[in-house]
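Residue strings, one per chain:
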Amino acid sequence: MSQTASSFMQQKSDAGVARVDMKFEVSLVPVLDVDRAKEFYTRLGWRLDDDIANGNDFRVVQFTPRGSGSSISFGKGVTAAAPGSFRGGLIVSDIEAAHKELVARGINASEVFHGSPFFPAGRISGPDLERQSYRSYISFEDPDGNAWIVQEVTNRAPGRIDPATTTFASANDLASAMRRAAAAHGEHEKRDGQRDANWPSWYAAYIAAEQAGTELPK
């Protein structure tokens with residue numbers, strides 16, 4: 001079947017079916033020692049949502065990273081995957097602040113780096129030189145060797161976020177966005193050579209565009 005015919009059939013099928021949002025909710029993290037993993041993720045500062053046991057053969061513990069809409073679960077009788085085989089990604093708005101917090105919490109995190117997030121040989125010390133979104137990272141592992149990559153995202157790639165919806169997971173994220181808007185607005189006023197009395201609207205437009213990955217105001 002040609003691509004055109006396939007696309008037509010898909011559109012025809014979609015037209016007769018109600019669309020249902022599917023939101024990513026939870027990842028299963030394989031661990032060997034449940035209590036040890038629970039202590040680690042508690043130390044990370046993640047919220048403990050549940051710890052449910054049913055006899056000696058089943059236990060599930062759920063944590064949610066601060067500001068996240070998705071969670072992780074681990075335990076006994078939860079997954080047959082090998083402990084240490086999980087790979088996960090986290091995003092932050094300030095990679096250097098995130099590194100300081102991880103270290104303060106006693107987490108053995110890597111230095112901030114850019115280059116390859118997946119292969120240590122391709123990592124370059126320090127954040128991205130131009131501090132471009134998606135280009136700076138930290139890595140760390142839990143006691144079982146499950147690996148996490150932390151990525152700095154300040155300006156979303158186009159199409160990733162609904163341009164009509166702007167949300168922030170925490171006051172810190174909102175404050176960081178406002179600081180970036182303030183710096184950009186200062187350059188805007190320099191170019192115009194006058195004070196912009198309508199700066200709240202300019203800030204709002206800048207922050208919304210940054211999240212949606214659309215063209216930033218000048």
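Reading the values: rules and limits
- Residues numbered from 1 in each chain as written.
- Predicted model: local features only at pLDDT ≥ 70, side-chain atom pairs only at ≥ 80, totals over all residues.
- Heavy atoms only, no water.
- Phe/Tyr/Trp six-rings, centres within 6.5 Å; stacked < 30°, edge-to-face > 60°.
- Helix = DSSP H or I, 4+ residues; strand = E, 2+ residues; numbered from the N terminus.
- Buried < 20%, exposed > 50% of the residue type's maximum accessible area, 1.4 Å probe, protein only.
- Core = buried A, V, L, I, M, F, W, Y, C linked by side-chain atoms within 4.5 Å.
- Arc of directions from axis to C-beta.
- Contact = heavy atoms within 4.5 Å.
- Polar contact = N/O pair within 3.5 Å; in protein donor to acceptor, adjacent residues only side chain to side chain.
- Salt bridge = Lys/Arg side-chain N within 4 Å of Asp/Glu carboxyl O.

## Observations regarding the packing of aromatic side chains
Item 1. This structure, assessed with the given rule, holds 11 aromatic pairs.
Item 2. Geometrically, the ring pair formed by Phe40 and Phe140 is tilted, given 6.4 Å between the ring centres and 40° between the ring planes. Taken as a pair, Phe40 in helix H2 (residues 34–43) and Phe140 in strand E8 (residues 136–141) lie far apart in primary sequence, 100 residues in all. Here the two residues Phe40 and Phe140 agree in accessibility, since each one is buried.
Item 3. Put simply, the rings of Phe40, Tyr41, Trp46, Phe63, Phe74, Phe86, Phe140 and Trp148 pair up and form one aromatic cluster.

## Quick look at the nonpolar core
Item 1. The biggest cluster of nonpolar side chains holds 24 residues, and the ones touching the most others in it are Tyr41, Phe74 and Phe140.
Item 2. Only H2, strand E3 (58–64), strand E4 (71–76), helix H3 (95–104), E8 and strand E9 (147–152) provide two or more residues apiece to this core.
Item 3. Element by element, the count of residues in this core is highest for H2, at 4 residues.
Item 4. Grouped together as the second largest cluster of nonpolar side chains are 7 residues, Ala181, Trp202, Tyr203 and Tyr206 included.

## Topic: H3
Item 1. Every buried residue of H3 is accounted for by Ile95, Ala98 and Leu102. Seen along its axis, H3 keeps its buried residues to an arc of 60°; they face one direction. The exposed residues of H3 that point more than 90 degrees off its buried face are Lys100 and Ala104.
Item 2. Where H3 is buried, its residues contact strand E5 (87–92), E8 and E9.
Item 3. By the N-cap criterion, in which a side-chain oxygen at the helix start approaches the backbone nitrogen of a residue two or three places on, H3 is capped by Asp94, the distance to Glu96 being 3.2 Å.

## Let's talk about the pattern of salt bridges
Item 1. Under the counting rule described, the total for this entry stands at 12 salt bridges.
Item 2. Note that Asp35 and Arg59 form a salt bridge whose closest N and O atoms lie 3.0 Å from each other. Of this pair, Asp35 sits in helix H2 while Arg59 is found in strand E3, placing the two residues 24 residues apart along the sequence.
Item 3. The partner of Glu39 in a salt bridge is Arg43, with the nearest N and O atoms 3.0 Å apart. Residue Glu39 and its partner Arg43 are both found in helix H2; the two are separated by 4 residues, about one turn of the helix.
Item 4. Under the relative-accessibility criterion, Arg43 is labelled partly exposed at 28%.
Item 5. Here the residues in one salt-bridge network are Asp35, Lys38, Asp51 and Arg59, joined through shared partners.

## Observations regarding the environment of Asp173
Item 1. By secondary structure assignment, the location of Asp173 is in helix H4 (residues 171–192).
Item 2. The spatial distance from the C-alpha of Asp173 to the C-alpha of Asp94 is 8.3 Å, given a sequence separation of 79 residues.
Item 3. Aside from chain neighbours lying at most four places away, what touches Asp173 is Ser93 and Phe168.

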